[in-house]
Amino acid sequence: MMLVSFLFLPVLAAVILLLIKNNKTAQWTAIIFSGLTLLVALQMLYTPMADFNIAWLPNLNTRFILHADGLSKILILLTAISFPAILWATANNEYKNRNVFLSLLLFTEAGLMGVFLAADGLLFYFFWELALIPIYFLCSIWGGEKRIAITFKFFIYTFLGSLFMLAGILFLNAHSSDHSFLINSFINANLTGGQQITAFALFFIAFAIKMPIFPLHTWQPDAYEQSPTAVTMVMSAVMVKMGLYGILRWLLPLFPVAFMAHTHVVVILSVIGILYASFIAIRQDDIKRLIAYSSIAHIGLMNAALFTHTQIATQGALIQLFSHGINVLGLWIVADIIEQQTGTRSMKEMGGLAKKQPTLAILLVGFALANIALPLTNSFVGEFLMFTGLFQFSPWMAAFAGVSVILAAIYTLNMVQKVAYGAISEKINTMQAPNKGAQAVLIILLIIVLATGVYPQPLFSLTADTLQQLFVK
Amino acid sequence: MNAIIVSSLLGVIMMFCSWGIKSQQVQKNIALIGLFILIIANLAHMYGWYVVDYDTKGMLTYSFFGLYANTLLFALTFIYVWINGDEIAKIGNTSADFYSLFFFILCGISVLTSFDNLLMLFIGIEILSIPLYILTGADKKNMFSNEAALKYFLMGSFSTGILLLGITLIYGATGSFHLTAPVISISTGFAQEQILLSAGLILLFAAMNFKVSAAPFHFWTPDVYDGAPTVFTSFMATIAKAAGFIAFINVFNSQYKALGYSWTLLLTFVIIATLLVGNIIAVFQRSVKRMLAYSSIAQAGFMLFALYGKSEISNEAILLYAVVYSIATIGIFAVLVKMKENSFEAFHGLGKAQPLLAFATTVFLFSLAGIPLTGGFFAKYYMLSALLKAGAGLWLVLVAVVFAAISIYYYFKIIQAMYFTAGEPAINPLPNQYKYKLLTLAILLLILGVFPNLLLNYIYF
């Protein structure tokens, strides 16, 4: 029963929020409910939770099954941490119709939780879409100037991808022995090599668009830039993980033959994406776009690691799923504080943050270092393992991908330099201390960064069962 | 038999209502009561209680599926009248005439869901079509309405001619009007008869395509839908069309084998052409009404998938699709009828001015686009699933899926206009009751979007 509360609590909150007109009450309702979800998530780490399994549509042979293994747990934990953090950190931002805004955000949370828990193909598809639709409204109503066209592009792009996945699910359903949608009967379906490749392609398009992988990434920087920052945070910290999750949960177990046949193609595409995004990130002046491109590079690395199909790289990617979320969340929150207070995202107009607001500058530097995977930060553990695996797969790929570490250092440190150091610019001079909530969130996130960087063992043990399933047969 | 008799009786009663009863409201209520009686009569038949029963010598056979389809279509008509009654009253002098035409159409529908004989098909189609020609021209003082009616009548008669020619050729080949007449096999039959049968079936196929507005026989649709009074467009595009589909499936599921391999080829060509024409042209429309006309062509393309092969799931698929599509379309036309103009601009700012109405409209559009949590998703899902079960290639599913993604583009244009563009919506004042009715429809779609079983279980018992 407990697993249902990951869906139930956010949906309940979302419905209640529609009725609350007062901004402050709405904000706190949202924070409290997402906080409760976090508590349930923390409890899940200690006590195993039974599957939730009821009949849904008997004549389609589909069931409402929620199941949590290590992979699900780590992503649920990330989702559960992200939402209260985002809500608390952006509590002072101005939104018209705040209650609707928050309600849609919490619907998204329910959708994301569902994606990470569903063990039935049709149910998975349902949640996959459910997570997308509120985002469409959030970005189109509360986004920046060019929001409508850009969000529409994003929506059609991802919707087309998920429709391909739906075709894949139908295809598997027709070929599974008991004509059900359960992941296990999908795994046991005896597909020929050719059928596997067809279904693999259909699923992979959906996941690749979501992550996104070069050359399907074109929707992302624009969408990140135009979305309201709270939504950008959800998208880049949690939503992109849906694609990676899909690969680990569906693609690899379902189509092992097709997966192995495409490792090189996908790794090469990912590495091209990593380098491409890194080079573009260096040229960015807009801080949101910079983080967006940096995110593409990091996701590309994780995807490459998964497709090496080595145990060590997969382990790294599993941890990095969590770490990347935390780091990028920290960066976005800092960027958002600056944007809210100064009204600019251009790094040319920033400078001297360290003198004006030392605490914020320290936090920024902390997350920036985590972004370039410095030892003692959480990313180091994950990236180190991923590069080791990538090296085992192909030294050349590891070498090319490794360049991205240098490039990441260039653009991230460049950003730190422009924002935090130098003379105090006009805009930065107007800044005041960020509100307590945002500061508290940043400090907590930074503690997580350092703690899991120094002692990542809990994350390893959390995901051990997934790794075992994938690699020990 | 119950439905055919009761609906014609009710049609006659309605006709005389306009003579004695002047209040439009009362006329509407009488129509609603009549529809209710009709539904009960049909349900009675389903569970074995007959008002009248005589031997039709196999011209009509009642399958549970056909009777259930009747029930659903009558229920949809009930919903349609319940929502649109007041709008119907605004057209012409007295609405009782229109209600009586509806009952005659329903009589045609009852024939179309149960015929087992090509002559009955012809009669059913004529009973269905002639009232539709009249309804198209109902707005007598509007030139567009007149033009549309004339166009519809001329082209409809022409297609009926083709239908008759097809039936004649089939009769020539098999010597019988019965659907289940022995199909001539290539090994035993004469070549000439084989050719006659194939030619007849192809003509029949063309005529049926005309009735359900599939490309390349769709040219009448946009003009007629655009010219007819919006309330009647809503009826034509939903209930009448759904009945056409059920008849279409009924004919071809027993006969298509005569066409052999070329049948699949022909059908695939028509479906792809329909999806292409409907979706692509809808993208460029500036009038919401015309856009909906093309979108209804596109949706017809999806419904044609049910023709690929008869199975339990294709039966479920066509019923679910017909119901869900009809509810959503009745809903969206009910919104459109309240707008002062048919352009997309009229919807600007509707989300702010009329939040409930805008929410309902969003659900209708989501459903038409096939987005999960609305009935439209499962409708499309069942169709595609039926398609795969019938042995069509995965590539056809992919084609369908790409067109479904294109359809998002034009459906979401309305959502964008409602929510993301500021402005004053050009909408006539709405009574609250009207909004709640539409909200009920939207909730119905949401329920079907999670539990389509509620509708489908009854196909079997």
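In this text, all values refer to a predicted model and were calculated from it rather than measured experimentally. (Residues numbered from 1 in each chain as written. Chains lettered and ligands numbered in written order. Predicted model: local features only at pLDDT ≥ 70, side-chain atom pairs only at ≥ 80, totals over all residues. Heavy atoms only, no water.)

1. Considerations on helix α17 (residues 358–371) of chain A
Residue and element names in this part refer to chain A. When the terminal C-alpha atoms of α17 are compared, their 20 Å separation across 14 residues agrees well with the 20 Å that a helix rising 1.5 Å per residue should span. Considered for burial, the residues of α17 that qualify are Leu360, Ala361, Leu363, Leu364, Gly366, Phe367, Ala368, Ala370 and Asn371. Close packing links the buried residues of α17 with α14 (287–308), α15 (311–342), α16 (353–356), α18 (378–393), α19 (395–420) and α21 (436–454). (Helix = DSSP H or I, 4+ residues; strand = E, 2+ residues; numbered from the N terminus. Expected span 1.5 Å × (residues − 1). Buried < 20%, exposed > 50% of the residue type's maximum accessible area, 1.4 Å probe, protein only. Contact = heavy atoms within 4.5 Å.)

2. Looking at the domain arrangement of chain A
Residue and element names in this part refer to chain A. Entries for chain A in the domain assignment read domain 1 (1–253) and domain 2 (262–473). Computed from C-alpha coordinates alone, the two centres of domain 1 and domain 2 are separated by 22 Å. Each partner contributes residues to the interface: domain 1 has 47 residues there, and domain 2 has 48 residues. Carbon and sulfur atoms make up 75% of the surface buried where domain 1 meets domain 2, a total of about 4200 Å² over both sides. When the buried surface of domain 1 facing domain 2 is broken down by residue, Ile74, Phe214 and Glu225 rank first, second and third, together holding 16% of it. Here glutamate 225 makes a salt bridge to arginine 345, at a shortest N to O gap of 3.2 Å. Counting across the interface, domain 1 meets domain 2 through 11 residue pairs in polar contact (both at pLDDT 80 or more). Secondary-structure elements contributing two or more residues to the side of domain 1 that touches domain 2 are α3 (70–89), α8 (193–210), α9 (220–226), α10 (229–239) and α11 (241–254). (Domains from an automatic or database assignment. Buried area = accessible area lost by both parts, 1.4 Å probe. Salt bridge = Lys/Arg side-chain N within 4 Å of Asp/Glu carboxyl O. Polar contact = N/O pair within 3.5 Å; in protein donor to acceptor, adjacent residues only side chain to side chain.)

3. Description of the interface of chain A and chain B
With 32 residues of chain A at the interface, the matching set in chain B holds 35 residues. Of the roughly 3000 Å² buried between chain A and chain B on both sides combined, carbon and sulfur atoms contribute 82%. If you look at where chain A meets chain B, you find zero salt bridges. Mapped onto the side of chain A that touches chain B, the elements with two or more residues apiece are β1 (52–57), α5 (121–142), α6 (147–175) and α8 of chain A. For the side of chain A that touches chain B, the leading source of residues is α6(A), giving 14 residues. Tallied by class, the residues present in the side of chain A that touches chain B amount to 26 nonpolar, four polar and two charged. (Nonpolar A, V, L, I, M, F, W, Y, C, P; charged D, E, K, R; others polar.)

4. Brief notes about the state of the cysteines
Residue and element names in this part refer to chain B. Across all of its chains, the model carries zero disulfides over all chains by this definition. Cysteine 107 carries a free sulfur, and the closest cysteine sulfur to it, the one in cysteine 17, is 18 Å from it. Given the relative accessible area of 8%, cysteine 107 is considered buried. (Disulfide = S-S within 2.5 Å.)

5. What to know about the nonpolar core
Membership of the largest hydrophobic core comes to 384 residues, with the highest contact counts inside it found for B:Leu121 and B:Phe378. Here this core gathers at least three residues from each of two domains, domain 1 (1–253) and domain 2 (262–473) of chain A. (Core = buried A, V, L, I, M, F, W, Y, C linked by side-chain atoms within 4.5 Å.)

6. A word on the packing of α3(A) against helix α22 (residues 457–471) of chain A
All names here are of chain A. The geometry of α3 relative to α22 is characterised by a closest axis approach of 6 Å and an angle of 140 degrees between their N-to-C directions. Of the possible angle classes, the one that applies to α3 and α22 is oblique. The segment α3 lies against α22, with Gly70, Leu71, Lys73 and Ile74 engaging Leu459, Leu462, Thr463, Asp465 and Thr466. Of the residues in the contact of α3 with α22, the class split is four nonpolar, three polar and two charged. (Axes fitted to C-alpha atoms, helices over the stretch in contact; angles between N-to-C directions. Parallel < 35°, antiparallel > 145°, perpendicular 65-115°, else oblique.)

7. What to know about the side chain of A:Arg345
Note that A:Arg345 resides in the loop between α15 and α16. Reaching out from A:Arg345, the side chain makes a polar contact with the side chain of A:Glu339 at a distance of 3.5 Å.

8. Describing the pairing of β1(A)
All names here are of chain A. Across five bridges, the pairing between β1 and strand β2 (residues 62–66) is antiparallel. Bridge pairing in β2 links isoleucine 54 to phenylalanine 64. What sits between β1 and β2 in their antiparallel hairpin is a turn of four residues, with asparagine 61 showing a positive phi close to 65 degrees. (Pairing = 2+ DSSP bridges.)

9. Here's the deal with the packing of aromatic side chains
Evaluated as defined, the whole model comprises 64 aromatic pairs over all chains. Measuring from centroid to centroid gives 5.6 Å for A:Phe200 and A:Phe204, while their planes differ by 5 degrees, and the two rings are stacked. Here A:Phe200 and its partner A:Phe204 are both found in helix α8, four residues apart, which amounts to about one turn of the helix. Assessed through its relative accessible area of 13%, A:Phe204 is described here as buried. Judged by centre distance (6.5 Å) and plane angle (65 degrees), the ring pair of B:Phe378 and B:Tyr382 falls under edge-to-face. Linking B:Phe378 with B:Tyr382, this pair stays in helix α15 (residues 375–389), spanning four residues, or about one helical turn. No difference in accessibility class separates B:Phe378 from B:Tyr382, as the two residues are buried. Across the ring face of A:Trp128, the terminal group of A:Lys210 is positioned such that the distance to the ring centre comes to 5.2 Å. In this arrangement the basic side chain of B:Lys338 is found over the ring face of B:Tyr434, its NZ or CZ atom lying 4.6 Å from the centre. (Phe/Tyr/Trp six-rings, centres within 6.5 Å; stacked < 30°, edge-to-face > 60°. Lys NZ or Arg CZ within 6 Å of the ring centre and 35° of its normal.)

10. As for a nonpolar patch on the surface
Residues and elements named next belong to chain A. Judged by side-chain polarity, Trp28, Ile32, Leu36, Leu39, Leu42, Trp88 and Ile444 come together as a nonpolar surface patch covering roughly 640 Å² of accessible area. Within the fold, tryptophan 88 resides in helix α3. Assessed through its relative accessible area of 31%, tryptophan 88 is described here as partly exposed. (Patch = residues over 30% accessible without salt bridge, like charges linked within 9 Å, V, L, I, M, F, W, Y side chains within 5 Å. Areas by Shrake-Rupley, 256 points an atom, 1.4 Å probe, with all protein chains shown as cover.)

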